[in-house]
Amino acid sequence: MSFLSPDYPEIIYDGDEGEVNASFRPADAPADYAPRPGTEFHYLSTRLSTNGLFGLYKNVMGPEPGGTSTHFHKTMSESFYVLSGEIHVFDGERWFDASQGDYLYIPPGGVHSFGNISGEPAEFLMLFAPGAAREGYFEGLATVGGMSDEERAEFFRRHDSFFPDMTKGPATESWEDKAALRRSFKTR
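Residues numbered from 1 in each chain as written. Predicted model: local features only at pLDDT ≥ 70, side-chain atom pairs only at ≥ 80, totals over all residues. Heavy atoms only, no water.

### A look at the environment of His 112
- By the element assignment, His 112 lies in the loop between β8 (103-106) and β9 (113-116).
- Between the alpha carbons of His 112 and Phe 124 there is a distance of 16 Å; along the sequence they are 12 residues apart.
- When near neighbours in sequence (up to four residues on either side) are disregarded, His 112 contacts Ser 69, Thr 70, His 71, Phe 72, His 73, Glu 78, Phe 80, Phe 90 and Ile 106.
- A polar atom in the side chain of His 112 sits 2.9 Å from the backbone oxygen of Gly 110. (Helix = DSSP H or I, 4+ residues; strand = E, 2+ residues; numbered from the N terminus. Contact = heavy atoms within 4.5 Å. Polar contact = N/O pair within 3.5 Å; in protein donor to acceptor, adjacent residues only side chain to side chain.)

### Considering the packing of aromatic side chains
- One pass over the structure, following the stated rule, counts 16 aromatic pairs.
- Here the aromatic rings of Tyr 57 and Phe 128 are separated by 5.9 Å at their centres, their planes lie at 70°, and the arrangement is edge-to-face. A residue pair is termed long-range when its members are at least 10 positions apart, and Tyr 57 in strand β3 (residues 55-61) and Phe 128 in strand β10 (residues 122-129) qualify at 71 residues.
- Given a relative accessible area of 0%, Tyr 57 falls into the buried group.
- Exposure remark for Phe 128: the relative accessible area of 0% places this residue in the buried category.
- Taking 5.8 Å as the distance between ring centres and 80° as the angle between the ring planes, the aromatic pair formed by Trp 95 and Trp 175 counts as edge-to-face. Of this pair, Trp 95 sits in strand β7 (residues 95-99) while Trp 175 sits in helix α3 (residues 175-182), placing them 80 residues apart in sequence. (Phe/Tyr/Trp six-rings, centres within 6.5 Å; stacked < 30°, edge-to-face > 60°. Buried < 20%, exposed > 50% of the residue type's maximum accessible area, 1.4 Å probe, protein only.)

### Notes on the sheet that holds β9
- With antiparallel pairing, the four strands of this open sheet are ordered in space as β4-β9-β6-β7. In this open sheet, the two edge strands, each paired with only one partner strand, are β4 (66-67) and β7.
- Looking at chain direction, strand β6 (residues 86-90) and β9 are connected through three bridges and run antiparallel. Bridging across to β9, His 88 finds its partner in Gly 115. (Pairing = 2+ DSSP bridges.)

### Comments concerning a nonpolar patch on the surface
- Together, Tyr 81, Tyr 103 and Tyr 105 make up an exposed nonpolar region whose accessible area comes to about 350 Å².
- Owing to a relative accessible area of 45%, Tyr 105 belongs among the partly exposed residues under this scheme. (Patch = residues over 30% accessible without salt bridge, like charges linked within 9 Å, V, L, I, M, F, W, Y side chains within 5 Å. Areas by Shrake-Rupley, 256 points an atom, 1.4 Å probe, with all protein chains shown as cover. Salt bridge = Lys/Arg side-chain N within 4 Å of Asp/Glu carboxyl O.)

### A look at the environment of Glu 135
- Its place among the elements puts Glu 135 in helix α1 (residues 134-140).
- Residue classification places Glu 135 among the buried positions, given a relative accessible area of 15%.
- Apart from the residues lying within four places of it in its own chain, the contact partners of Glu 135 are Tyr 43, Thr 46 and Tyr 57.

### Some words on the sheet that holds strand β1 (residues 33-36)
- Strand order in the open sheet made by the six strands is β1-β2-β3-β10-β5-β8, with antiparallel pairing throughout. The sheet is open, and its two borders are formed by β1 and β8, each paired with just one other strand. Averaged over all neighbouring strand pairs, the angle between strand axes comes to 20°, with direction disregarded.
- Relative to strand β2 (residues 39-45), β1 is paired through two bridges, and the arrangement is antiparallel. Residue pairing in the sheet places Arg 36 in a bridge with Thr 39 of β2. (Axes fitted to C-alpha atoms, helices over the stretch in contact; angles between N-to-C directions.)

### Here's the deal with the pattern of salt bridges
- Evaluated as defined, the whole model comprises five salt bridges.
- Ionic pairing is found between Arg 25 and Asp 32, a salt bridge with its closest N-O pair at 3.1 Å.
- You can call Arg 25 partly exposed: its relative accessible area is 27%.
- We classify Asp 32 as partly exposed; its relative accessible area is 39%.
- Close ionic contact of Asp 149 with Arg 152 constitutes a salt bridge, the shortest N to O distance being 2.9 Å. Of this pair, Asp 149 and Arg 152 are both found in helix α2 (residues 149-158), three residues apart, which corresponds to roughly one turn of the helix.
- Exposure remark for Arg 152: the relative accessible area of 11% places this residue in the buried category.

Laid out in structure tokens, this is it:
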């Protein structure tokens, strides 16, 4: 028998006393993964640290054009919250610029994309729910160039990232071309 209102999830902790089990990460903690200068991933909460409830990552993108191709996930939602700078996002219907304080939620199966074409650095939070081992995906991206087409497609499937061209994955679209087009229009 549950004492909770029916619009709450199932009880996860059923103890009668609370526990001391919080974790703290200071703002000046170094990046967990930095594949190239200006790009950083901070693993704030992972699938392991939240028992699969969610994954929260801070992404720092440098000023050079870059991002991911249009894709979707079958097992998790993804959300973006812009901390600083500006990212170019696709919500399944349209492209637009998202800046500090803007938020985008994509349910499982929702087509989306994001990248930086602003010419300035950008920082944003990425929330995945339920949690998945995205750190393996982020770090594995550095190796996909050396994989066969079949290995690359399997890597993306294994990490729940479905692209129009699974052999190219996030590199299907040119962010340099998007940045060049930016000179002729801007949504904000």
